[in-house]
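The chain contents come next:
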Amino acid sequence: MNNEIIVVAELSDNRILPVTYELIAFARALAAGDSAPVRMIVPGRETHAVARDLADETGLDTIALVGDPLAFYNAETWMTAMAARLAVRKPRYICIAHTSRGCDFAPGLAVRLGASCITAVEGFSRQDGAARFVRKIFNGKIKMDVTPERDTTVLTVLPGAFKVEQKSPRAHLAGSMEVLKIPDHPQKIRTLGVIPAEEQDLDLALADVIVSAGRGIGAEENLELIRRLAGLFSKSAMGCSRTVCDLGWLGYKHQIGLTGKTVAPKLYIACGISGAVQHIAGMRGSKMVVAVNKDPRAAIFQIADIGIVEDLMTFIPLVMDA
Amino acid sequence: MKILVCVKQVLDADGPVRIDASGKWIEEAPAARFRMNRFDEFALEEALRIREGFPGTRIDALSAGPARAAQTVRRALEMGADDGIHLFLDDERYRMPFEIASLIGAYASDRHYDLILAGVMAEDDMQGQVGPMVAEILEYPWATAVMSQKLHKTGDGPDASGTIYVERELEGGLREAFELTLPALLTIQSGINRPRYPALSHVLRARSQALITIPASRPGETDPVSFPAPRERIQSLEEPAPMKTGVILSGNPSEKAEKLRQILQERAFL
Ligand SMILES: Cc1cc2nc3c(=O)[nH]c(=O)nc-3n(C[C@H](O)[C@H](O)[C@H](O)COP(=O)(O)OP(=O)(O)OC[C@H]3O[C@@H](n4cnc5c(N)ncnc54)[C@H](O)[C@@H]3O)c2cc1C
Ligand SMILES: Nc1ncnc2c1ncn2[C@@H]1O[C@H](COP(=O)(O)O)[C@@H](O)[C@H]1O
């Protein structure tokens, strides 16, 4: 076994997505304990230039995994291309972003490599030299420490959970850059392309105050209460959890979270929202968070500045009358 | 066409969730409520819709779990699955996704499902791994977080073939489209449909229909489906501290409402 840590870069339109820098910060912290080498893999049709830039900027050795089959994301090509290279390197850890695409290929990659697989990692601690990875279960109510049992471990790291140090200075010594060409074309999955998002409005982005509804509002009619609460503030907008959209109570353009909007208002009021990591991922930048939930153990209270343990149906009318 | 839907029984987290004596999983309090993972309801509903489009399709619903998981298999029958399979675990210990995926993979390996559907994630362990792992074990192509699908079947009978068009969800409202060769596995994202309430006729049938119960044996044993060694180990569970920096308002509801308004006024929000 070797102690190398591999970071898989995530790109969009041949540009490095910010989450990649979080992965690098995570990998570096993980490496610090046993001074392990960190190496990047940059998959895509022609990532030579991007990989070169990354190597210059970060000082990390970089592998541009290139070829026509990698022109567009495809679980089969991604996994096959990476597994072949990773099987010979036998790295200790493979760090992948816990994004839609990362989650798509990481578990399959782990199976193919016979590796351990730990998803939605928010951090790690060290005990007797071994890293324990921290993740949340039950909509954030419980924290779980997991250790891998295999020599190689695939990790998906939750976006936003691992802060990038203030724009780290450009590396003194550029990393090396290696190019690996992928010949194999996918057999069973054909990529047909990206479909643009439906029209968005800017209400949430521009609002100073966001009042957000979760499944805890109980019924569509009760949205009126949330709407009236939002009406107390100027420059306010209504947000919600994914569940509220799935139930058809509000349109998806109101959804806040990993697969919805990322917002950072001055004030965020969460009503009947449990605080699952996927929701928090979209609002953790809010300056002040008020949470109303009848369950004192709801995870939303972990990140709230003001917590109110009450039934929102009785509490919100009181706030409006007070 | 044969479809397998993987349905997991989960503890409803609206109630108390307490760590058990071992410190490694969750206590089964007497008042604990177990139900079908919501993401799996979307998966099952999608299977029912495919069957409506392709009459003659058979839907098997499968759950791996202890004795109580039989209720969730039965729930799947009530919603309209044709057969219910219970991979019976003889204790209530938590199993890692790879262990569960191996069990499901072993069960499905010689049963020639054209399509396997799972939820994008289980609400209890929030791993999002079992679906793609089952696919890789069976060498099926897969797509996760599917928000829409359209099946194109050619031929019929045991050697039916075809493709499935899928759109999977990306961040920021984008989607990406793929065409997968059958057999294939999809994990279904919430919001793809509105799961139906069970029809009375299905509820009545489910009541009398026997489940197919298959014992999952211990590691090392082989028949009929067995566990591999776990690849990850839970070291500890912990309830995070309720608040890092904030305060919980105290008093009766009106006092709390008054305090909140005061705070919001002080900060010039009102
Ligand atoms: C790939 C993926 C992406 C996802 N992306 C997102 C995303 O972008 N955004 C998102 O929000 N979710 C997302 N989710 C879903 C997420 O995991 C949770 O399921 C969801 O956030 C839960 O929504 P909720 O808090 O409204 O509902 P629940 O978790 O059901 O919580 C309801 C809360 O209301 C409280 N409550 C009930 N009644 C009352 C009352 N009368 N008064 C006060 N409180 C009450 C309960 O105590 C509970 O805490 C995603 C999931 C996956 C798998
Ligand atoms: N014990 C189980 N029995 C049946 N299906 C399961 C089981 N565990 C997980 N699954 C399926 O795999 C999906 C993802 O689970 P997980 O990887 O645990 O988040 C679930 O939505 C189910 O469809």
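The rules behind each value
- Residues numbered from 1 in each chain as written.
- Chains lettered and ligands numbered in written order.
- Predicted model: local features only at pLDDT ≥ 70, side-chain atom pairs only at ≥ 80, totals over all residues.
- Heavy atoms only, no water.
- Pairing = 2+ DSSP bridges.
- Helix = DSSP H or I, 4+ residues; strand = E, 2+ residues; numbered from the N terminus.
- Axes fitted to C-alpha atoms, helices over the stretch in contact; angles between N-to-C directions.
- Contact = heavy atoms within 4.5 Å.
- Near = heavy atom within 4 Å.
- Polar contact = N/O pair within 3.5 Å; in protein donor to acceptor, adjacent residues only side chain to side chain.
- Areas by Shrake-Rupley, 256 points an atom, 1.4 Å probe, with all protein chains shown as cover.
- Nonpolar A, V, L, I, M, F, W, Y, C, P; charged D, E, K, R; others polar.
- Buried < 20%, exposed > 50% of the residue type's maximum accessible area, 1.4 Å probe, protein only.
- Domains from an automatic or database assignment.
- Salt bridge = Lys/Arg side-chain N within 4 Å of Asp/Glu carboxyl O.
- Buried area = accessible area lost by both parts, 1.4 Å probe.

A. Layout of the sheet that holds strand 7 (residues 116-121) of chain A. Residue and element names in this part refer to chain A. The seven strands are arranged 7-11-6-1-4-5-12 in an open sheet whose pairing can be described as parallel. Two strands close off the open sheet at either side, each with one partner strand: strand 7 and strand 12 (177-181). Adjacent strand axes in the sheet meet at a mean angle of 20° when their direction is disregarded. In the sheet, strand 1 (residues 5-8) pairs with strand 6 (residues 93-97) via three bridges, with the strands oriented parallel. Each bridged residue has a counterpart across the sheet, and for isoleucine 6 the counterpart in strand 6 is isoleucine 94. Strands in contact with helix 4 (residues 100-113) are strand 1, strand 6, strand 7 and strand 11 (153-157); relative to strand 6, the strand with the most contacts, it is inclined by about 160°.

B. Here's a closer look at the site of ligand 1. Near ligand 1 you find 30 residues, and of these Arg215(A), Ser241(A), Gln255(A), Thr259(A) and Ser274(A) are the closest. What surrounds ligand 1 is not a single chain but chains A and B. In the model, a nitrogen atom of ligand 1 is placed 2.7 Å from a nitrogen or oxygen of the Thr259(A) side chain. Contact between ligand 1 and Ser274(A): an oxygen atom at 2.7 Å from a side-chain N or O atom of the residue. Computed on the free molecule, ligand 1 has an accessible area of 990 Å², of which 91% lies beneath the protein chains in the complex. At the level of secondary structure, the elements contributing two or more residues to the shell around ligand 1 comprise helix 7 (242-246) and helix 8 (277-280) of chain A. Here the residues of the shell around ligand 1 sort into eight nonpolar, 15 polar and seven charged.

C. Local environment of the site of ligand 2. Residue and element names in this part refer to chain B. Surrounding ligand 2, one finds 19 residues, the nearest of these being Asp40, Ala64, Ala122, Gly128 and Gln129. Here a nitrogen atom of ligand 2 and a backbone polar atom of alanine 64 are 2.7 Å apart. In this structure, glutamine 127 approaches ligand 2 through a main-chain N or O atom, which is 3.2 Å from an oxygen atom. Where the shell around ligand 2 is concerned, the elements lending two or more residues are strand 4 (58-65), helix 3 (97-108) and strand 6 (115-119). At three residues, strand 4 tops the list of elements feeding residues into the shell around ligand 2. Classifying every residue of the shell around ligand 2 gives ten nonpolar, six polar and three charged.

D. Representation of helix 4 (residues 130-138) of chain B within the structure. With seven of nine residues buried, helix 4 of chain B is to be regarded as a mostly interior element. Backbone geometry just after helix 4 of chain B places Glu139(B) at a positive phi near 60°.

E. Layout of the domain arrangement of chain A. Residues and elements named next belong to chain A. By the assigned domains, chain A splits into domain 1 (5-181) and domain 2 (204-321). Taking the mean C-alpha position of each, domain 1 and domain 2 sit 33 Å from one another. At the junction of the two partners, domain 1 supplies eleven residues and domain 2 supplies eleven residues. At the boundary of domain 1 and domain 2, one finds one salt bridge. Aspartate 295 is the salt-bridge partner of lysine 141, the closest N and O atoms lying 2.6 Å from each other. Counting across the interface, domain 1 meets domain 2 through three residue pairs in polar contact (both at pLDDT 80 or more).

F. Representation of the side chain of Ser116(A) within the structure. Tracing the chain through its elements places Ser116(A) in strand 7. Take Ser116(A): its relative accessible area is 0%, and that puts it in the buried class. Sequence-distant contacts of Ser116(A), defined by excluding residues within four places in its chain, comprise Ala110(A), Pro148(A), Glu149(A), Arg150(A), Thr152(A), Thr153(A), Val154(A), Arg231(B) and Glu232(B).

G. Expanded view of the pattern of salt bridges. Residue and element names in this part refer to chain B. If you walk through the whole model with that rule in mind, you get 39 salt bridges over all chains. Aspartate 12 serves as the salt-bridge partner of arginine 33, at 2.6 Å between the closest nitrogen and oxygen. With arginine 33 in the loop between strand 2 (9-11) and strand 3 (34-36) and aspartate 12 in the loop between strand 2 and strand 3, this pair connects stretches of sequence that are 21 residues apart. Using a relative accessible area of 7% as the deciding quantity, one classes aspartate 12 as buried. A salt bridge links aspartate 110 to arginine 111; its shortest N-O distance comes to 3.6 Å. By relative accessible area, aspartate 110 is classed as exposed at 53%. Through salt bridges with shared partners, one network takes in Asp12, Arg33, Arg35, Arg38 and Glu123.

H. The interface of chain B and chain A, seen in detail. On the chain A side, the residues contacting the 85 residues of chain B number 84 residues. It is Met126(B), Arg231(B) and Phe269(B) in chain B that bury the most area against chain A; as a group they hold 10% of the surface buried on that side. Inspection of the chain B/chain A interface yields ten salt bridges. Close ionic contact of Glu238(B) with Lys143(A) constitutes a salt bridge, the shortest N to O distance being 3.7 Å. Here chain B and chain A share 44 residue pairs in polar contact (both at pLDDT 80 or more) between them. For the side of chain B that touches chain A, the secondary structure elements donating two or more residues are helix 1 (38-53), helix 4, strand 7 (142-154), strand 8 (161-169), strand 9 (175-181), strand 13 (232-238), strand 14 (247-248) and helix 6 (253-266) of chain B. With nine residues, helix 6 of chain B is the largest single contributor of residues to the side of chain B that touches chain A. Broken down by class, the residue content of the side of chain B that touches chain A amounts to 42 nonpolar, 17 polar and 26 charged.

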